Amino acid sequence: MHIYVFSGARDLKNARQAKILEVVAKRPVRSQQELSSLLKRERIRVTQSTLSRDIRELGLVKARGEYQVSGESRSAPSDEMLRRAFGQFVVRTGVSGNMIVIKTAPGNAHSVGVVLDAAQWPEIMGTVAGDDTVFVLLRSSRLGKKVVGRIRELSV
């Protein structure tokens, strides 16, 4: 059992935030409620508003449904995750120069864009997603057919 001894509010805040970073680094955390429960197991009780402020101050962001430190990335999504996302959401694809257009079911373009960005395919410079359309910027216009082929293969 750990006993935390603090000399003031700043020490308490620093220790709490350090524990938040430790918890998020150890395992996937999908919600503030889950994080609060995990902190409670560590004998750290925190209100929702304090936890929300800590998350913001620590620069934690939600990526692929999990909290992580901004700029850090967990491992690339598996082919199975790509298959699920593409199979569920991709309606059609097209190529024009060094751009790919991916049409999705309404409200799902962001999910496809996030998965593609996380995959870190070397051919892709980045994505921009709206409601039902993802624009994919390629490093070269020669890569369009290859990348669309890969997306279609994973959509089956």
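Residues numbered from 1 in each chain as written. Predicted model: local features only at pLDDT ≥ 70, side-chain atom pairs only at ≥ 80, totals over all residues. Heavy atoms only, no water.

**Student:** Is there a simple way to think about the pairing of strand S6 (residues 133-138) in this case?
**Tutor:** Where a strand is regular, its side chains alternate between the two sheet faces. In the sheet, strand S4 (residues 99-104) pairs with S6 via 5 bridges, with the strands oriented antiparallel. Counted as the bridge partner of Ile100 is Val136 from S6. Here strand S5 (residues 124-129) folds back onto S6, and the loop between the two strands holds 3 residues. (Pairing = 2+ DSSP bridges. Helix = DSSP H or I, 4+ residues; strand = E, 2+ residues; numbered from the N terminus.)

**Student:** Help me out: how do you make sense of the sheet that holds S5 in this one?
**Tutor:** Pairing between the strands of a sheet comes from backbone hydrogen bonds, and it takes one of two forms, parallel or antiparallel. If you trace the 4 strands from one edge of the open sheet to the other, you get S3-S4-S6-S5, paired in antiparallel fashion. Of all the strands in the sheet, just strand S3 (90-96) and S5 have a single pairing partner and so form its edges. Looking at each pair of strands side by side, their axes are set apart by 20° on average, direction ignored. In this structure, S5 lies alongside S6, joined through 5 bridges in antiparallel fashion. (Axes fitted to C-alpha atoms, helices over the stretch in contact; angles between N-to-C directions.)

**Student:** Would you explain the packing of helix H4 (residues 79-89) against helix H6 (residues 144-155) in this entry?
**Tutor:** The contact between H4 and H6 brings their axes to 7 Å, and the two run at 85°. The angle between H4 and H6 falls in the class roughly perpendicular. Across from Asp79, Leu82, Arg83, Phe86 and Gly87 in H4, the residues of H6 making contact are Ile151, Leu154 and Ser155. Classifying every residue of the contact of H4 with H6 by side-chain character gives 4 nonpolar, 2 polar and 2 charged. (Parallel < 35°, antiparallel > 145°, perpendicular 65-115°, else oblique. Contact = heavy atoms within 4.5 Å. Nonpolar A, V, L, I, M, F, W, Y, C, P; charged D, E, K, R; others polar.)

**Student:** Could you clarify how one ought to interpret H6 in this entry?
**Tutor:** The periodicity of an α-helix, 3.6 residues per turn, causes residues three or four places apart in sequence to face the same way. The terminal C-alpha atoms of H6 lie 16 Å apart, and with 12 residues this matches the ideal 16 Å at 1.5 Å per residue to within 8%. Taken together, the buried positions of H6 are Gly144, Val147, Val148, Ile151 and Leu154. Take H6 and look down its axis: the buried residues cluster within an arc of 130°, on one side only. Across H6 from its buried face, at more than 90 degrees, point the exposed residues Lys145, Lys146 and Glu153. (Expected span 1.5 Å × (residues − 1). Buried < 20%, exposed > 50% of the residue type's maximum accessible area, 1.4 Å probe, protein only. Arc of directions from axis to C-beta.)

**Student:** Help me understand helix H5 (residues 109-119), please; the structure alone is not making it clear to me.
**Tutor:** Restricting attention to buried positions, one finds in H5 the residues Ala109, Val112, Gly113, Val115, Leu116, Ala118 and Ala119. Of the surrounding elements, those touching the buried residues of H5 are H4, S3, S4, S5 and S6.

**Student:** Help me out: how do you make sense of the packing of helix H2 (residues 32-41) against helix H3 (residues 48-58) in this one?
**Tutor:** A pair of packed helices is captured by two measures, namely the crossing angle of their axes and the spacing between those axes. With their axes 11 Å apart at the nearest point, H2 and H3 run at an angle of 100° to one another. The angle between H2 and H3 places the two elements in the roughly perpendicular class. When H2 is examined against H3, the residues Gln32, Leu35, Ser36 and Leu39 are found in contact with a partner set consisting of Gln48, Leu51, Ser52 and Ile55. Of the residues contributing to the contact of H2 with H3, the split by class is 4 nonpolar, 4 polar and no charged.

**Student:** Which parts of the structure should I look at to understand unusual backbone geometry?
**Tutor:** With the exception of glycine, the majority of residues adopt a negative phi angle, and the majority of peptide bonds are in the trans configuration. Look at Arg43: it is not a glycine, yet its phi comes out positive at around 65°. Mapped onto the secondary structure, Arg43 falls in the loop between H2 and H3. Residue classification places Arg43 among the exposed positions, given a relative accessible area of 57%. Located in the positive-phi region is Gln120, a residue other than glycine, with phi close to 55°. Within the element layout of this structure, Gln120 appears in the loop between H5 and S5. Residue classification places Gln120 among the exposed positions, given a relative accessible area of 56%.

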